[in-house]
Amino acid sequence: MKTQVCIIGGGPSGLMLSQLLHLKGVETILLEKRSREYVLGRIRAGVLEHGFADLMREAQCGQRMDQEGEVHDGFYIASNGERMDRVDLKKHSGGSSVVVYGQTEVTRDLYEARDRMNGAVIHNAEDVKLHDLTSAAPYVTFRKGDEIIRIDCDYVIGADGFHGVSRKSIPKDVLREYERVYPFGWLGVLSRTKPVCEELIYARHQRGFALCSLRSQVLSRYYIQAPLTDSVDDWSDDAFWAELKRRLPPDVAGRLETGPSIEKSIAPLRSFVAEPMRYGNLFLAGDAAHIVPPTGARGLNTAASDIYYLYHALTDHYLKGDDAGLENYSEKALARVWKAQRFSWFLTTLLHTFPDSTPYDQKLQQTEFEYLFSSDQALGSLAENYVGLPF
Ligand code: RFL
Ligand code: PHB
């Protein structure tokens, strides 16, 4: 097989790039290790910044998002079950907002668009291997059943997530990795219940952080901070609801509608960046190159800026013969990636209970929190980062 751009990974990053390139007449083949059902079964992000929403529209995939997604102009931060302050995103960011629309739906819309355009998306591609990445003729091999298939291409895009093969194909002496692992995880529950609040509530509490989020008016998504040693089996639905209620202000807890969980999962919190994001003719994008803790809702949104830069770089190459975008991709993408890292670290530190924190750390955290709600500049900084810094 032969194509211009071979994309590894059928998550939102890979699908979005293949769809955008297709619309400009650039050929792609996308290889996904799992089945479509498996990919669509993963419950992940819920909040899309306006830049991501614009990219969905440009990819001609924004229709359902615009109909069913909810535009949120603000969110709440609750503290120790006592106060609950609203962050007015629209006011403090100068008019922007976010869209609450699940990653599962984003991915479904992108798959459907790829189907409509007869996009080459190959599922259950096993043993994907990247070859001759620093040559002018790189190629990718994969196994489908007993057959080994080879794809010759100009460029390889590594959009295969944190555990993918692409980043691992870059020699260790070329790649520099930066990492912070947080000493806790998030236990998440999806339930077919009415959300407790029309906007998100981020709750800091001595017992640990909690988040009330939603997917629609009948589908709620809740999270609680949990020790890394806990597993999903340690948490019955009843135990989850009881712990969530303890961490929310009493009036919110009193209104919380509970019900059976339809999905329950635990995710560790980690910050990670790999530099550079290019090796020869391989370009990394999204979680393959960087991850953030979910606190600031940045992960998918940071992937979006990588895709935006790559989309323009590759179309400039194929349509105008201009390689400047490819040459400076890594530097440009990383500048925005690090800003998302900073913001996610800030919000994670502000809102979580750290097992090893000293009384000094606790005083600083409380002071940071009080400062936030006493300063329009501090709220402006929070809001401009939450709605998404410009690409
Ligand atoms: P993905 O989604 O991990 O997709 C990568 C795809 O590559 C496939 N793959 C391979 N394919 C071929 N060969 C191989 N060897 C392969 N290895 C892997 C995988 O099967 C997969 O389909 O990466 P992508 O596309 O870069 O997208 C990134 C986002 O998924 C991620 O950043 C977000 O989900 C992070 N995130 C959030 N981001 C937000 O912007 N807003 C949020 O509100 C938000 N909430 C979250 C989140 C992530 C969470 N978890 C579980 C980590 C909430 C949670 C709980
Ligand atoms: C979610 O709804 O899954 C969600 C929302 C906001 C976050 C993280 C996750 O910051």
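Residues numbered from 1 in each chain as written. Chains lettered and ligands numbered in written order. Predicted model: local features only at pLDDT ≥ 70, side-chain atom pairs only at ≥ 80, totals over all residues. Heavy atoms only, no water.

Caption draft 1: Local environment of helix H12 (residues 359–372). When the terminal C-alpha atoms of H12 are compared, their 20 Å separation across 14 residues agrees well with the 20 Å that a helix rising 1.5 Å per residue should span. Gln 365, Phe 369 and Leu 372 are the residues of H12 that are buried. The arc enclosing the buried residues of H12, seen along the axis, measures out at 65°, which places them on a common side. Along H12, exposed side chains directed more than 90 degrees from the buried face belong to Pro 359, Tyr 360 and Lys 363. The inward-facing, buried residues of H12 contact strand E5 (74–79), strand E6 (83–88), strand E14 (201–204), helix H11 (329–351) and helix H13 (376–387). (Helix = DSSP H or I, 4+ residues; strand = E, 2+ residues; numbered from the N terminus. Expected span 1.5 Å × (residues − 1). Buried < 20%, exposed > 50% of the residue type's maximum accessible area, 1.4 Å probe, protein only. Arc of directions from axis to C-beta. Contact = heavy atoms within 4.5 Å.)

Caption draft 2: Quick look at the site of ligand 2. Neighbouring residues of ligand 2: 14 residues in total, closest Tyr 202, Ser 213, Arg 215, Tyr 223 and Pro 294. At 2.6 Å, a side-chain N or O of Tyr 223 approaches an oxygen atom of ligand 2. Look at ligand 2: alone it shows 280 Å² of surface, and the protein chains cover 97% of it. Looking at the shell around ligand 2, the elements with two or more residues in it are strand E15 (210–216) and strand E16 (219–226). No other element matches the three residues that E15 contributes to the shell around ligand 2. When its residues are assigned to classes, the shell around ligand 2 shows eight nonpolar, three polar and three charged. Looking at which domains feed residues into the shell around ligand 2, each of domain 1 (5–72 + 97–179 + 271–351) and domain 2 (180–269 + 354–387) gives three or more. (Near = heavy atom within 4 Å. Polar contact = N/O pair within 3.5 Å; in protein donor to acceptor, adjacent residues only side chain to side chain. Areas by Shrake-Rupley, 256 points an atom, 1.4 Å probe, with all protein chains shown as cover. Nonpolar A, V, L, I, M, F, W, Y, C, P; charged D, E, K, R; others polar. Domains from an automatic or database assignment.)

Caption draft 3: Structural detail: the sheet that holds E6. The mixed open sheet is built from eight strands, whose spatial order is E6-E5-E14-E15-E16-E13-E17-E20. Strands with a single pairing partner mark the edges of an open sheet, and in this sheet they are E6 and strand E20 (290–291). Taken together, the three bridges between E14 and E15 define a ladder with antiparallel strand orientation. Across the sheet, Ile 201 pairs through a bridge with Cys 212, a residue of E15. Against the sheet, helix H7 (residues 237–247) makes contact with strand E13 (176–191), E14, E15, E16 and strand E17 (261–275), and its axis sits at roughly 80° relative to E16, the strand it touches most. (Pairing = 2+ DSSP bridges. Axes fitted to C-alpha atoms, helices over the stretch in contact; angles between N-to-C directions.)

Caption draft 4: Quick peek at the site of ligand 1. Not every one of the 32 residues close to ligand 1 is listed here, only the nearest: Ser 13, Glu 32, Arg 42, Gln 103 and Asp 287. Between an oxygen atom of ligand 1 and a side-chain N or O atom of Arg 44, the distance comes to 3.0 Å. Considering ligand 1 on its own, with 1,000 Å² of exposed area, one finds that the protein chains cover 88% of that surface. At the level of secondary structure, the elements contributing two or more residues to the shell around ligand 1 comprise helix H1 (12–23) and helix H9 (299–320). Top element by residues in the shell around ligand 1 is H9. It accounts for three residues. In terms of residue class, the shell around ligand 1 is built from 13 nonpolar, eleven polar and eight charged.

Caption draft 5: Summary view of the sheet that holds strand E1 (residues 5–8). Reading across from one edge, E8-E2-E1-E12-E19-E18 is the order of the six strands in this open sheet, with mixed pairing throughout. Looking at strand neighbours, the two that pair on one side only are strand E8 (120–122) and strand E18 (278–279), the edges of this open sheet. Relative to strand E12 (residues 155–158), E1 is paired through four bridges, and the arrangement is parallel. Bridge pairing links Ile 8 to Gly 158 in E12. Against the sheet, H9 contacts E1, E12 and strand E19 (282–284), and its axis sits at roughly 175° relative to E12.

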